[in-house]
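These are the residues of each chain, in order.
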Amino acid sequence: MALRGAAAVVRLASLRPAAAAAGRTRPAADCVVGAAAVTRGGGGPAGARSVATTPAASAAAAAPPSSGPFRPTDAATVTAAAATVTTASAAGGGVGGSSRSVSTSATSKAAAGGVAAKRNATPFLTGTRLDPSESFLTGANATVLEDMYERYLVDPSKVHPSWVAFFRNLEADVPPGEAVAVRRANRNTFSNIPSTMTEGKDLFQVSEDTIKLMSMIRAFRHRGHLVADLDPLRIDEDSVANVLVPYKTRQELEPSYYGFTEADMDREFVVSGELPGPPVRKLREVVDMLRTVYLGTVGYEYRHMLSKEEKVWLASHVEAARQPVLAPDEKKTVLRDLADSELFEAFLAVKHATAKRFGMEGAEAVLPGLQAMVEHGSDLGIENVVVGMPHRGRLNVLANLVHKPLDQIFHEFTPHEDPDNETYLGSGDVKYHLGTSQTRSMRNGRSVHFSLMANPSHLEAVDPVVVGKTRAKQFFLGDTERKRTMGLLLHGDASFAGQGVVAETLELSDLRDYTTGGTIHVIVNNQIGFTTDPRYARSSPYPTDVGKLVGVPIFHVNGDDVEAVVRVCKLAMEYRQRFNKDVIVDVFCYRRHGHNELDQPMFTQPLMYQKIKTHPTPFKVYSDQLLAEGVITEEELKEMKDEVMGKLSEKFANAKDWKPRDKDWLASHWEGFKTPMDISSVQMTGVSEEKLQELGSALTRVPPNFKMHPQLKKIINDRRKHIELGEGIDWATAESLAFASLLDEGTSVRLSGQDSERGTFSQRHSVWHDQSVEKVYVPLNNLGPNQAAMQVCNSNLSEMAVLGFEVGFSLESPKSLVLWEAQFGDFVNGAQVIIDTFISAGERKWRRQSGITLLLPHGYEGQGPEHSSSRMERFLQSCDDDEDVVPPMDAEVRQQIQNINWQVVNASTPANYFHVLRRQVHRDFRKPLVIITPKSLLRHPSCRSDMSEFVAGKFRRLIPEESSAVTDKPENVRKLVFCSGKVYYNLMQERLKRKQTDIAIARVEQLAPFPFDLVAEEVRKYPGAQLVWTQEESKNMGAWSYVKPRFQTAIRHFSDGADDRLVSYIGREPSAAPATGNPMVHKEEQDALVNESLA
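Small disclaimer: the values here were computed from a predicted structure and weren't measured.

### Let's talk about the packing of helix H28 (residues 731-744) against helix H34 (residues 910-921)
Direction vectors running N to C along H28 and H34 enclose 25°, while the axes themselves pass 8 Å from each other. On the basis of their axis angle, the class for H28 and H34 is roughly parallel. Considering only the axes of H28 and H34, their crossing is right-handed. Taking contact as the criterion, the partners of Trp731, Ala734, Glu735, Leu737, Ala738, Phe739, Ser741 and Leu742 in H28 are, on H34, Pro910, Tyr913, Phe914, Leu917, Arg918 and Val921. In terms of residue class, the contact of H28 with H34 is made up of eleven nonpolar, one polar and two charged.

Right, here's the structure in full:
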């Protein structure tokens, strides 16, 4: 029933049947109001709304019906047919600017052909001969046409001139599609726009001005922060070369740059959909709002973000017509927080004038901001906050945010007055590195638990540790939505821009296995490093620009405007809770003293510190403001100060009697775990064969309808066969059984590292990938209904941040085995700061136990200097056991592992690897474990274990010579070779080849702490043997430097000095590089050390 020609259109009898045939898919009011079709304008940068009052606009609004004879062939055609219109303002209907001109067309091939739609200049509709430009005559619009035509017949002046032109064209037999077109020359004459918008301008000029307004709004949003009033000292105003704010940037924020004059300021523009609030505003109102929001004491930097939803949400908050204003009581609360912050520093400056404390002077406004942030967060569901921060302001945050007891803080300034200080402090750390765990009540009555992490002087190293501990808290609390526990990181400006671990940590923020639902970063922006100006310390305008790597919002704020600091801190919390993403608050402030209170900053920043000397403190600035506003009186102000100082004096007097509490040592999760002062008995780690068979069956079970890779299927079948036979179990199978047994017992396991799911050497295969569909299967998470969770995580290509993350995870609870695996052991030095400061020395400094386990692939196999060595010598050199002292070694009293800082193991059998993993959990204390793991041994036919070795006993610290051909005649043994790890198999293979029975080989499986007793026992077996140590590593590397003195101590101690044999070295010569890259040289070196050992 297609309509053809003007006569058929104008006759009501013809219009009605066409409408009935097409079907009315929506009410006429949805298409047009009168003759108005509302369309989304696109002429301006952000698309202001325009109202089209023309037949052309009706055509644009009318989509073809979804069924019936006019059904298009595909979605592309629907879009094209509905969008073939000219600009709505072509008929004079644009309000406040022109609507976007749309002329999009597409055709499609037959659906059965499966060919993508091809664009064509002319769309078409199947099942009809109706011209595409006439499609607006169908459906509900036909009713509107009838109504408009009836009005036109009664009185043409009662309808818009565009309708008059349309119907006259039809009466002149012009085809409906052409009757819609209006000559451009007449476009600007069809305007009923109010004079307050036009001021004598035609519609085209109004549209052009609207576009310019949108450009100005965009400039404020994108670059307003560069001109905002952020610096309390206004240093940039005196700068000769202010690179932060180019001249053009300032120009772009002036209306005159866009051609607006004072005469335009009271003109009205349509800003609906672009700015919150009234849809029509005067230019003056818009400019005033933009200047207030973007050029005030807060610089909002968020337009770089990818998410439109997030940008719209932020804009709606910061550009709201009514910004939240603090009530008088709220202002007094903020002032009290400022008083607590400033007077705390002033009190310490008097009581400990010569002590370094790295105070918060100049940045006191950060404290009220943090208070408001956390309290607001508690209203939004936050229950736990894990805090990491540098030394600057740390004591203030501990005292006033976390509520660490003041008497304890004051006590730490003079720990020598406490006779038990060695028990409390351990080896100790400076007071501004110490952390705490505390639950406090907020002013709103809610409780929040704070964990402020101890940290080293290596700035930003604590960042990933905080994030990891946060993730662990969420894991153990079941906080899967990540709304109850969050990380809070405070940074210095120089370190945030300069330390690479910041970028590494940010990159973890949105990764599946590492996200915490958003960390809030607060930068205490001193505008200086130690003595280095920002212009020489970074290449970007702000220290926060690294945050743009992951598209997070950044709020810069003037630290002298404490109310603005409070406002953006609360906004940051709202953003974090809503979008589960990181957010940065950059508080511009200053450092009233030098790097510390004893430093002289005038040497390097004389002009800056001349300003600081005369600049009022934030407390002074805000108290003067509230006095002027009449919020407080002088008497109330004095009373507030006296109250704060009185509390500080009282706690200071009590500090000399302060005593540590048990929970200073271990958090609640660690209740029942032992300190180095308590003896922990040795635990058995074997598992029954029945249980191992059950777990092995589950580990090798392939789910139905799962298409496995053929090679992987063979690997899994081999594992099943060896488990069922109870023999020939390889390294990866032993690891899986260890993990499975722990999971079955209720201990969760988390393995993290680069390519850890499959394994660098394609050995693990803990995650199976279906070969036909996007589906994975994790056998370790399919053992049984009551098992604990297995987390195996492919990390990003980072060592420092990922290892730091796992250290943080391990600190939260002992009820999990947490492992980090290096892709190759050689790459572990990329995380050296974490190893040295948190793993090696963490317990000694901060009295916090960690069971973090490092898996470091190691072995000399001709793969060059960067794929051979895990640098075990560095771990051994950091061991704090005494090489000249043999501790009590009887099993009932042995505390050797408890008293060392970490364990270093080089296991040589799958079964021993199985036991050392289980031992790490099956003890009532925690200690870091470094495992030197193999590469070629993963598939070595001799590196296999029988099921009986998994069932019985425990980890073997030393494996003695086990060949009866050797042990039956110990008097014939002329050489006892001690070794560790892979080289044992090289020696054994050659000894078997030579059929030698006069050389014994013993494997030291636990290098640290050293097995003095077992070494001495092995030496006693062969009184006439020469003693040697053989290693693959160069003489200045490997274990030699560590084991040499301990061998001699063991022999001397257990023989009462009677045995004076010395242990000699066999191995590679000293070298700067760990290994050669020449395969031929490698073979020559390897053959030489084997031959010398067996000579």
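### Things to note about the side chain of Arg1003
Structurally, the position occupied by Arg1003 is in strand E23 (residues 999-1004). A relative accessible area of 4% places Arg1003 in the buried class. Within the structure, Arg1003 has its side chain in polar contact with the side chain of Ser908 (distance 3.1 Å). Every residue in contact with Arg1003, bar those within four places of it in the chain, is listed here: Ser908, Thr909, Arg957, Leu958, Ile959, Glu962, Cys979, Tyr984 and Tyr985.

### Remarks on the nonpolar core
Formed by 98 residues in total, the largest nonpolar core has its most connected members in Tyr300, Leu488 and Val522. The biggest single contributor to this core is helix H22 (residues 562-579), with eleven residues. Setting aside its immediate chain neighbours within four residues, Leu488 contacts Leu370, Met373, Val385, Val386, Val387, Gly388, Thr519, Ile520 and Val522. In terms of nonpolar packing, the next biggest core, distinct from the first, is built from 74 residues, Ala461, Leu489, Leu856 and Ala1025 among them.

### Digging into the packing of aromatic side chains
Taken as a whole, this structure holds 33 aromatic pairs when the rule is applied. Where Phe347 meets Phe410, the ring centres are 5.6 Å apart and the plane angle is 40°; that geometry is what we call tilted. Remark: Phe410 occurs in helix H17 (residues 406-411) and Phe347 occurs in helix H14 (residues 328-351); sequence separation between them is 63 residues. Both rings, one in Trp768 and one in Tyr777, keep their centres 5.4 Å apart while their planes meet at 45°; by these two values the pair is tilted. You can call Trp768 buried: its relative accessible area is 0%. Judged by its relative accessible area of 11%, Tyr777 falls in the buried class. In this structure an aromatic cluster arises from ring pairing among Phe978, Phe1010, Phe1012, Trp1029 and Phe1047.

### Here we look at H22
For H22, spanning 18 residues, the distance from its first C-alpha to its last is 26 Å, which sits close to the expected 26 Å at 1.5 Å a residue. Burial analysis of H22 places 14 of its 18 residues in the buried class, which makes it a mostly covered element. Immediately beyond the C-terminal end of H22, within one or two residues, lies Asn580, with a positive phi of roughly 55°.

### A word on the sheet that holds strand E12 (residues 583-588)
Taken in spatial order, the eight strands line up as E5-E11-E12-E10-E9-E6-E8-E7 in an open sheet, and their pairing is mixed. Each edge of the sheet is formed by a strand with only one pairing partner; in this case those strands are strand E5 (298-301) and strand E7 (436-441). Adjacent strand axes in the sheet meet at a mean angle of 20°, parallel and antiparallel pairs treated alike. Here six bridges tie strand E10 (residues 519-525) to E12, and the two strands are oriented parallel to one another. Residue pairing in the sheet places Ile520 in a bridge with Val583 of E12. Packing against the sheet, helix H15 (residues 366-379) makes contact with strand E6 (384-388), E7, strand E8 (447-452), strand E9 (485-492), E10 and E12, and its axis sits at approximately 170° to E10.

The rules behind the values
- Residues numbered from 1 in each chain as written.
- Predicted model: local features only at pLDDT ≥ 70, side-chain atom pairs only at ≥ 80, totals over all residues.
- Heavy atoms only, no water.
- Axes fitted to C-alpha atoms, helices over the stretch in contact; angles between N-to-C directions.
- Helix = DSSP H or I, 4+ residues; strand = E, 2+ residues; numbered from the N terminus.
- Parallel < 35°, antiparallel > 145°, perpendicular 65-115°, else oblique.
- Left-handed = near helix turned anticlockwise from the far one by under 90°.
- Contact = heavy atoms within 4.5 Å.
- Nonpolar A, V, L, I, M, F, W, Y, C, P; charged D, E, K, R; others polar.
- Buried < 20%, exposed > 50% of the residue type's maximum accessible area, 1.4 Å probe, protein only.
- Polar contact = N/O pair within 3.5 Å; in protein donor to acceptor, adjacent residues only side chain to side chain.
- Core = buried A, V, L, I, M, F, W, Y, C linked by side-chain atoms within 4.5 Å.
- Phe/Tyr/Trp six-rings, centres within 6.5 Å; stacked < 30°, edge-to-face > 60°.
- Expected span 1.5 Å × (residues − 1).
- Pairing = 2+ DSSP bridges.

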